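# Topology and contacts: notes
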Amino acid sequence: MEKWPNEPDTWNLSHARRTIQNLEMPVNSFSDKIMSRLDEQRRGNNKSKLMKKVFFVTSAAAIMGVGIIGSALVSPAMAEALKGIPLVNSVVKLAEDLTGKTYTFNQAEPWSMGEDSGMVYKAEGTEYSQIMLNSNGEAKDILMNVKWSDLKDSYKKEMEAALQQLFPGQNTQVDIVGISVQYGLPADYPIKSGAVYLNTRVHNTFIELENGKLHRVVRSLANEEVDQAALKAAESIFAGDGLEGLRKGPLDNPSLVSQDGKEVYQLHFAASDKFPVGVVVEQGTNRIVKVVAGDLQDKVDEIPKVADKINGYSEAELLKNAMVQAKQLLKIDLEGYKATKDPKMMSVVYFTKNGAPTVVGLHNAKGQFYHLGFEEYDRIF
């Protein structure tokens, strides 16, 4: 695993990672390598009810540009039907309203993920762009990276205000600004459906605005910049058997993330040559609020074989397993908690108790949790 994507170098993947994270598969937010693996694993056209659950998790990557299924991987009949969706004036207008400029679009390409499908259009003359329509010709996602000189004046003012807030008195220069809008997201998502997100990177800092207001700030850190107490807390999760033999490797590419009044360190340790163990530690209190071990997750292409086993665990069994791991990973005693399996999302379990914070977990076919986190932090970081 190369790095934890503490807001990416390529803006078109930003909301893909965030969306996947918020689709209750947070491990996928920890790595470019995981994202590319998902891209490889999602190829194919299995439309069973089982795989629909998997596609619900992985489709965000495809929808947001991690990899569009080209016409060669779409059936001829579907491709022909999709090409019947015209590049109407509304598509051009979407881009014009968003950027203040009129663009020419290249030939549309079909995309498909499970039972969902549509067309994707790219605007010429932009650093990166993608406008996705669903099979009804309705806008699904818009992603555009534009030069500062081409940015709409109102967006320039919003970004300038945010930069002054973060870097007061400095004449901060920005080259590229990413613009993204997503539609059809559930109301409880931290990514708001229809909201305009602007993002850019200044030196070692990623900045994101939501509807013109500063929303998320991610500062890349050198290892020595991480608070030693926070680092010590993160390293403590390796003391025990809760991670099935994974051992702490070197700290790599840490970051400090601020959003919604919360500030956390995002740390990961190279526990294997595949995926790191990701740890989120609350700044100031040094409380561990989330742990993800990608190596313990079942491979996507193996889920059909182990699905019955994953679904077969009782809530009592899962609570028993989580109690051991939660003490080691989150330093919380789940005694008196109730376990509830998510009826829609495979392997997702909620642990609740009156007057206590809710814990979210995801488990593998062994009944072992590869993800545990406090819900209030889980959907943000």
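Note: the structure precedes this text.
Since the structure is predicted, the reported quantities are computational estimates derived from the model, not experimental observations. (Residues numbered from 1 in each chain as written. Predicted model: local features only at pLDDT ≥ 70, side-chain atom pairs only at ≥ 80, totals over all residues. Heavy atoms only, no water.)

### Concerning the overall build of the protein
- When its secondary structure is counted, the protein shows 10 helices and 16 strands.
- Within the protein, contacts between residues at least 6 apart in sequence are counted, and of these 58% link residues at least 24 apart.
- Of the accessible surface of the protein, which amounts to about 16,500 Å², a share of 48% is contributed by carbon and sulfur atoms. (Helix = DSSP H or I, 4+ residues; strand = E, 2+ residues; numbered from the N terminus. Contact = heavy atoms within 4.5 Å. Areas by Shrake-Rupley, 256 points an atom, 1.4 Å probe, with all protein chains shown as cover.)

### Points about the packing of aromatic side chains
- Taken as a whole, this structure holds 2 aromatic pairs when the rule is applied.
- Taking the centre distance of 5.6 Å and the plane angle of 85 degrees together, the rings of Phe 238 and Phe 269 count as edge-to-face. Pair noted here: Phe 238 is in the loop between helix 7 (228–235) and strand 9 (255–259) and Phe 269 is in strand 10 (residues 262–269), with a separation of 31 residues, a long-range link. Each member of the pair Phe 238 and Phe 269 is classed as buried.
- Taking the ring centre of Tyr 155 as reference, the NZ or CZ of Lys 152 above it sits at 4.7 Å.
- Sitting above the plane of the Tyr 377 ring, Lys 262 keeps its charged end 5.4 Å from the centroid. (Phe/Tyr/Trp six-rings, centres within 6.5 Å; stacked < 30°, edge-to-face > 60°. Buried < 20%, exposed > 50% of the residue type's maximum accessible area, 1.4 Å probe, protein only. Lys NZ or Arg CZ within 6 Å of the ring centre and 35° of its normal.)

### Quick look at helix 9 (residues 315–329)
- With 15 residues, helix 9 extends 20 Å between its outermost C-alpha atoms, agreeing within 8% with the 21 Å of an ideal straight helix rising 1.5 Å per residue.
- The sharpest bend along helix 9 reaches about 25 degrees and sits at Met 323.
- Lys 331 sits one or two residues past helix 9 and shows a positive phi near 60 degrees. (Expected span 1.5 Å × (residues − 1). Bend = angle between axes of the 7 residues up to and from the residue.)

### Considering the environment of Ala 239
- Relative to the helices and strands, Ala 239 is located in the loop between helix 7 and strand 9.
- When its relative accessible area of 63% is taken as the criterion, Ala 239 is described as exposed.
- Distance in space between the C-alpha atoms of Ala 239 and Leu 329 is 9.1 Å, their sequence separation being 90 residues.

### Overview of the pairing of strand 12 (residues 288–293)
- Most of strand 12 sits out of view: 6 of its 6 residues are buried.
- Sheet topology note: the strand 11 (residues 277–282)/strand 12 ladder contains 5 bridges and is antiparallel. Bridged to Val 281 within strand 12 is Ile 288.
- Linking strand 11 back to strand 12 in an antiparallel pair, the connection comprises 5 residues, with Gly 284 at a positive phi of about 95 degrees.
- Pairing of strand 12 with strand 16 (residues 369–374), which is carried by 3 bridges, proceeds in the antiparallel orientation. For Val 291, the partnering residue across the bridge sits in strand 16 and is Leu 372. (Pairing = 2+ DSSP bridges.)

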